Each structure stands twice: as structure tokens, then as C-alpha cells.
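Residues per chain are reported as follows:
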Amino acid sequence: MTNQSEQWTSKIGFILAAAGSAIGLGAVWKLPYVAGTNGGAAFFLIFILLTLTLGVSLLLAEFILGRSTGKDAIQAYKTAAPGTPWYFVGLLGIAASFLLLSFYSVVGGWIVIYFVRSITGQLSPPDGNFELLFESITANPLEVGLAHLAFMVMAVLVVQTGIQKGIERASKWLMPALFILFIIIVIRSVTLDGAMEGVAFFLQPDFSEVTGETFLFALGQAFFALSLGVSVMVTYSSYVPKRESLTRSAGSIVGLSLFIALLSGLAIFPAVFALGFEPSEGPPLIFIVLPAVFNELAFGTFFFALFAALLLFATLTSAFSLLEILIAPFTKKDPSKRKKVAWTSGLLVYLMGIPSALSFGILSDWLIFGDIFFNQMDYLVSNILLPLGALLISLFVPWKISKSVLRDELLQGSNLGSGFFSTWLFMLRFVTPLAIIIVFLYVLGWLPGIGPTI
Ligand code: PHE
């Protein structure tokens with residue numbers, strides 16, 4: 001997208017780019033460790049429910065705001081509600097994207113490290129212990145810092161030139177390849193000795209552990225995995241041709257995203273139990289478990305390298321969307337600034353990410369409110385800023401855009417009727433904001449009931 005009037009070359013181009021933004025570390029890296037620390041199956045079930053209700057409604061709301069205005073994260077609000085301070089929601093999204101990318105790129109860097117090590121034969125862990133391997137990698141500030149830098153440079157290089165067509169074309173092959181590889185790991189993982197305990201952990205809910213905080217994490221995860229609440233989907237859908245059906249695109253994206261979440265749970269948890277790891281390892285979880293699973297596979301190193309490369313691609317396509325939203329407001333007026341703005345934003349994101357990158361090494365003793373910097377940043381973005389952004393969008397779209405525009409945009413190109421429109425509007429106007437507010441109140445301890453919170 002080198003300029004605002006450019007449109008996706010095809011419908012599949014938009015779906016792939018939006019799905020590329022959605023599918024990334026959220027489903028593959030974050031979901032397993034958040035589910036692992038929040039009760040497994042019960043968490044997963046709540047996450048699916050929230051995705052299918054609030055997630056779908058909000059995704060459609062962001063699409064509609066983007067396409068009906070044709071503008072970026074800030075201008076979209078200014079165009080739909082001129083002279084009001086609502087564009088603040090876009091600014092909040094930009095701030096959240098900046099912070100999100102700061103730690104997202106750190107994890108991207110870890111993938112770079114695992115990829116490079118797998119092709120250079122440096123993945124064998126000390127004493128066969130993959131936990132120690134992760135610790136020794138992240139304890140080395142130089143390796144982590146360089147990999148983090150390499151990831152950001154790759155992201156900026158693509159975004160600065162706007163080579164969307166190449167990405168569209170590559171996605172068509174690489175995403176399905178990632179799915180196929182995932183299915184291979186799932187098969188290996190569930191056939192390991194003792195895997196059933198892990199399958200049960202992931203699929204048999206135990207609601208006794210559910211607290212207000214479980215809902216908050218599930219809410220954050222649902223928004224994170226669909227790239228919601230930060231106006232990324234507003235920006236992307238501003239390039240969609242009018243005739244396309246937004247509901248069909250939303251359906252494909254949500255379907256793909258849930259499918260990969262299921263695959264990643266089924267790849268990780270059976271192996272966690274079979275190989276004697278803890279589901280509550282936190283952010284390092286997949287970096288400890290996946291190399292161990294591939295180790296159990298014929299041609300494991302080869303497959304692992306391939307997997308790491310594909311995951312890196314999926315992670316980059318999400319990073320592009322986060323970077324794009326940061327630079328779009330500057331480049332819209334003057335596209336010639338694109339290079340400069342992209343490199344400056346990339347540099348700032350990199351600097352902001354440094355404390356997160358060091359959180360698992362030399363800064364591991366630096367605790368903020370009892371947890372490392374990386375985890376607090378993730379908590380702030382995923383559990384506070386994204387739900388807050390989502391809440392504001394769910395108030396803005398149905399009240400500030402006229403009903404006829406909403407109806408036309410929603411039903412355009414689809415054979416869904418006005419029943420669907422009314423349900424969606426009701427979800428967005430009442431259910432979504434109320435649900436988010438109730439979860440916030442529970443976590444703040446202002447409502448009595450479901451279990452202890454923070
Ligand atoms: N959805 C992306 C993922 O799951 C992360 C993301 C969140 C990207 C918000 C853009 C905006 O990896």
C-alpha cells in the first residue's frame with residue numbers, strides 16, 4: 001500500500017493480508033501459554049465463545065468503519081464524526097500498536113534465533129534440556145539484541161517499500177504450508193506416550209479454576225488473535241473494494257484463526273504432558289516444547305527449520321500490519337516520507353522493546369508490580385489497551401455511523417438478511433460494551449462473585 005487510493009489486487013488479497021495480520025504469534029505462541037497458566041480447556045472454551053460473539057461483531061465493526069470512510073486509524077474517526085474528540089480512539093490504537101510491536105518483535109527475534117540455530121546445527125540443548133537451552137539463549141543480550149534487530153529490519157524493509165503484491169502472492173503458499181506442518185506436529189504430539197493427559201487438559205474443561213481474571217485473559221486473547229481494538233482492521237479494510245462482502249471475509253478470517261488456535265493447542269499440550277514439561281511455563285512455553293517435539297520426529301531438524309521459517313513469515317505479516325498503522329497517518333499526506341517514517345518508527349519500536357528483550361536475561365530480577373517488564377507490557381497491551389480500544393470502537397461504530405450505512409456495508413455482497421443485521425447491531429450496541437465493562441469491574445474487584453482476582 002504505497003498510497004491511500006491503492007486497493008487490494010483481489011478479494012483473496014485482502015483476506016490474506018487481514019488473515020496474515022490476525023494469524024501470528026497470538027494463536028501459535030500466546031494462546032498456549034496463556035491457556036496453560038489459566039486453566040487449559042475452560043480458558044480455551046471461553047476464548048472461543050468470546051471470539052465468536054464479541055470478536056466477530058467487532059471485526060465487522062472495524063471493517064465497516066474502514067471501508068465506509070476509506071481512511072486510516074485517525075482519519076476514519078475524524079471523517080465519521082467530524083469535530084469530535086473520537087479520533088482519540090485511533091491514537092490509542094496507535095499507541096497500543098507501538099507497545100505491542102515492541103514485545104512482539106522480541107518474540108519474532110527468538111524465532112529468528114531458533115531458525116538460524118536449526119540450520120547451523122546449534123539447537124541441541126545442554127543435557128538434553130530444552131528449558132536450559134532457552135535460558136542460555138535469552139541470557140545472552142547480544143544474541144537476543146541482534147535477533148530482535150534483525151526482525152525489526154525485516155519488517156521495516158517490507159513496509160517501507162510497500163511490496164504488498166509479493167506478500168499477497170507469498171501468503172497464498174506459505175500460510176497453507178504452515179497449516180500442513182502444524183497438522184504433522186499435532187499427529188506426532190498426540191501419538192506420544194502419555195499424550196492423552198495433555199489432550200484432556202486442553203479439551204476437558206474444569207470450571208472450578210475460572211476467575212474474573214480468566215475472562216480478562218480470554219478477552220485479551222480473543223482481541224489479540226484477531227488484531228482487534230487497535231484499528232489495524234480499520235486501516236486494512238479501507239483498501240477493500242465496495243462490492244466485496246465483509247461478512248464473508250470476516251467469516252474466513254475468524255475460521256482460520258480459530259482453526260490454527262486449535263491446532264496449536266493440540267500440538268503443544270499433549271507434548272507438554274508426554275515429555276514432562278509444565279503447562280505454566282509462561283512466554284517461553286512453545287520455545288521449550290516445540291523443539292522437543294521435533295526432536296521426536298524423523299528429519300526433525302529439517303522440519304523444525306521449515307516450521308520456524310513459516311512461523312517467522314506469519315509473525316512478520318502481523319508485524320507489517322502493526323507498523324503500517326503507525327506510519328499510515330504520516331504517509332497519507334506525503335507518501336514520499338514513507339521510508340523515513342518507517343525507519344524512524346522501527347527504530348523507536350526497537351528501543352522500546354529492549355527492556356522486554358532483556359527481561360528473560362539480565363533484567364530478570366527487575367520486577368514491576370511483581371512481574372518482569374515483558375509480562376507487564378504484554379498484560380498492559382493485551383488485557384487493558386486492547387479491550388479498552390474494543391470497548392470504544394463498539395460504542396463509536398453503532399452510534400456514530402448511520403444505520404443505513406451500517407446496513408449497506410454489512411449486507412453488501414452477501415445473502416444475509418436484516419435479522420442478521422439487527423442481531424449484529426444489538427451485539428455491538430449492548431452486549432459487547434457491557435461484557436467488556438463487566439469483566440473490567442470483576443478484575444478491579446468492584447463486583448462480587450467469581451473467585452479471586454489480582
Ligand atoms: N493478531 C496478531 C497475532 O495474533 C497480533 C496483532 C494484534 C496484530 C493486534 C495486529 C494488531 O499474532
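One can find the structure itself at the top, above this paragraph.
Along every chain, residues carry numbers that run from 1 in the direction the sequence is written. Residue-level local features of this predicted model are given only where pLDDT is at least 70; pairs of side-chain atoms are given and counted only at 80 or more, and the full residue set underlies all totals for whole chains, interfaces and linings. In computing side-chain properties, one takes all heavy atoms of the structure into account and sets aside hydrogens as well as water.

Trainee: Sorry if this is basic, but what is going on with the packing of aromatic side chains here?
Mentor: Any pair of aromatic rings gets described here by the distance separating the centres and the angle formed by the planes. Two rings from Phe, Tyr or Trp (for Trp, the six-membered ring) form a pair when their centres are within 6.5 Å of each other. A pair whose planes differ by under 30 degrees is stacked, one over 60 is edge-to-face, and the rest are tilted. Applying the stated criterion across every chain yields a total of 30 aromatic pairs. Between Phe-294 and Phe-307 the ring centres are 5.6 Å apart and the planes differ by 45 degrees, which places this aromatic pair in the tilted class. Remark: Phe-307 occurs in helix 14 (residues 300-331) and Phe-294 occurs in helix 13 (residues 285-295); sequence separation between them is 13 residues. Phe-307 shares its class with Phe-294; the two are buried. Measuring from ring centre to ring centre gives 6.2 Å for Trp-399 and Phe-430, while their planes differ by 80 degrees; the resulting arrangement is edge-to-face. In this pair, Trp-399 is assigned in helix 16 (residues 373-400) and Phe-430 in helix 18 (residues 418-443), connecting sequence segments 31 residues apart. Numbered from the N terminus, helices here are DSSP runs of H or I no shorter than four residues, and strands are runs of E no shorter than two. Burial here depends on accessible area, computed with a 1.4 Å probe over protein chains only, as a share of the maximum for the residue type. Under 20% is buried, over 50% is exposed, and the range in between is partly exposed.

Trainee: Looking at this structure, how should I read the site of the ligand?
Mentor: Working definition: residue near molecule or strand if any one of its non-hydrogen atoms lies within 4 Å of it. Near the ligand, the surroundings consist of 15 residues, among which Ala-22, Leu-25, Tyr-104, Phe-224 and Ser-227 are the closest. The backbone of Ser-21 places a nitrogen or oxygen atom 3.1 Å from a nitrogen atom of the ligand. Identification of polar contacts relies on pairs of N or O atoms within 3.5 Å, with a donor-acceptor requirement for protein atoms, meaning one able to donate a hydrogen and the other able to accept it, and with residues adjacent in sequence counted only if both atoms are side-chain atoms. Within the contact set of the ligand, an oxygen atom lies 2.9 Å away from a backbone nitrogen or oxygen of Gly-26. Starting from 320 Å² of accessible surface for the ligand in isolation, the protein chains cover 100%. Note on areas: Shrake-Rupley with a 1.4 Å probe; residue coverage comes only from the protein chains shown.

Trainee: I would appreciate a short explanation of the environment of Ala-435 in the present structure.
Mentor: Here Ala-435 lies in helix 18. Since its relative accessible area comes to 24%, Ala-435 is described here as partly exposed. Taking the C-alpha atoms as reference, Ala-435 lies 9.6 Å from Leu-50; in sequence the two are 385 residues apart.

Trainee: It is not clear to me how the nonpolar core should be interpreted in this structure. Could you clarify?
Mentor: Proteins that are soluble and globular tend to have nonpolar side chains buried together. Side-chain atoms within 4.5 Å link the members of a nonpolar core, which is a set of buried Ala, Val, Leu, Ile, Met, Phe, Trp, Tyr and Cys residues. The biggest cluster of nonpolar side chains holds 164 residues, and the ones touching the most others in it are Trp-29, Phe-47, Trp-110 and Trp-424. Every residue pair with non-hydrogen atoms within 4.5 Å of one another is taken to be in contact. With residues near it in sequence (within four places) discarded, Trp-29 still touches Phe-103, Val-107, Trp-110, Pro-283, Ile-286, Phe-287, Phe-374 and Asp-378.

Trainee: What am I meant to see in the packing of helix 2 (residues 25-37) against helix 12 (residues 246-274) here?
Mentor: Packed helices, taken two at a time, are described by the angle their axes make and the gap between the axes. Where helix 2 meets helix 12, the closest approach of the two axes is 9 Å, and the angle between their N-to-C directions is 60 degrees. Accordingly, the angle class assigned to the pair helix 2 and helix 12 is oblique. As for how helix 2 packs across helix 12, the hand of that crossing is right-handed. The residues of helix 12 that touch helix 2, namely those facing Ala-27, Val-28, Leu-31, Pro-32, Ala-35 and Gly-36, are Ser-257, Ile-260, Ala-261, Ser-264, Ile-268 and Phe-269. Charged means Asp, Glu, Lys or Arg here, nonpolar means Ala, Val, Leu, Ile, Met, Phe, Trp, Tyr, Cys or Pro, and polar covers whatever is left, Gly included. Per-class residue counts for the contact of helix 2 with helix 12 are nine nonpolar, three polar and no charged. Only the stretch in contact is used when fitting a helix axis, every axis being a line fitted to C-alpha atoms; angles between N-to-C directions are given from 0 to 180 degrees. Angle categories are assigned with fixed cut-offs, so that under 35 degrees is roughly parallel, over 145 is roughly antiparallel, 65 to 115 is roughly perpendicular, and the rest are oblique. Should the near helix be turned anticlockwise from the far one by less than a right angle, the crossing is termed left-handed; should it be turned clockwise, right-handed.

Trainee: When you look at helix 6 (residues 130-138) in this model, what are you seeing that I'm missing?
Mentor: Think of an α-helix as 3.6 residues a turn; residues three or four steps apart then line up on the same face. Those residues of helix 6 that fall on the buried side of the exposure criterion are Phe-130, Leu-133, Phe-134, Ile-137 and Thr-138. Buried residues of helix 6, viewed axially, fall in a sector of 120 degrees; they line one side. Buried positions along helix 6 lie against helix 5 (88-119), helix 7 (141-161) and helix 13. The N-capping residue of helix 6, defined by a side-chain oxygen 2.8 Å from the backbone nitrogen of Glu-131, is Asn-129. Think of the arc as the fan of directions from the helix axis to the C-beta atoms.

Trainee: How do you make sense of the pattern of salt bridges when you look at a structure like this?
Mentor: Proximity of charged atoms lets side chains of opposite charge pair with each other. The salt bridge definition used is simple: a Lys or Arg side-chain nitrogen within 4 Å of an Asp or Glu carboxyl oxygen. Applying the stated criterion to the full structure yields five salt bridges. Note that Asp-378 is salt-bridged to Lys-30, the shortest N-O span being 3.2 Å. Taken as a pair, Asp-378 in helix 16 and Lys-30 in helix 2 lie far apart in primary sequence, 348 residues in all. Each of the two residues, Asp-378 as well as Lys-30, counts as buried. Between Arg-117 and Glu-143 there is a salt bridge, with the nearest N and O atoms lying 3.0 Å from each other. You can see Arg-117 sitting in helix 5 and its partner Glu-143 sitting in helix 7, a full 26 residues away along the chain. Residues joined by salt bridges that share partners form a network here, namely Arg-67, Lys-242 and Glu-409.

Trainee: Sorry if this is basic, but what is going on with unusual backbone geometry here?
Mentor: Peptide bonds are mostly trans, and most non-glycine residues show a negative phi. You will see that Ser-231, though not glycine, has its phi angle at about 65 degrees, which is positive. Note that Ser-231 resides in the loop between helix 10 (212-225) and helix 11 (232-237). A positive phi angle, near 45 degrees, is found at Phe-369, a position not held by glycine.

Trainee: Quick question: what am I supposed to make of the side chain of Ser-245 here?
Mentor: Here Ser-245 is to be found in the loop between helix 11 and helix 12. One polar contact links Ser-245 to Thr-247, side chain to side chain, over a distance of 3.1 Å. Within the structure, Ser-245 has its side chain in polar contact with the backbone nitrogen of Arg-248 (distance 3.1 Å).

Trainee: Looking at this structure, how should I read the side chain of Ser-97?
Mentor: With respect to the helices and strands, Ser-97 occurs in helix 5. Residues in contact with Ser-97, not counting those within four places in the same chain, are Val-230, Leu-322, Ile-325 and Leu-326.

Trainee: Where do I start with the environment of Leu-411 in this structure?
Mentor: Within the fold, Leu-411 resides in helix 17 (residues 403-411). Considered as a pair, Leu-411 and Ile-113 are 298 residues apart in the sequence and their alpha carbons are 46 Å apart. Non-local contacts of Leu-411, meaning those with residues more than four positions away in its chain, are made with Leu-416, Gly-417, Phe-420 and Phe-421.

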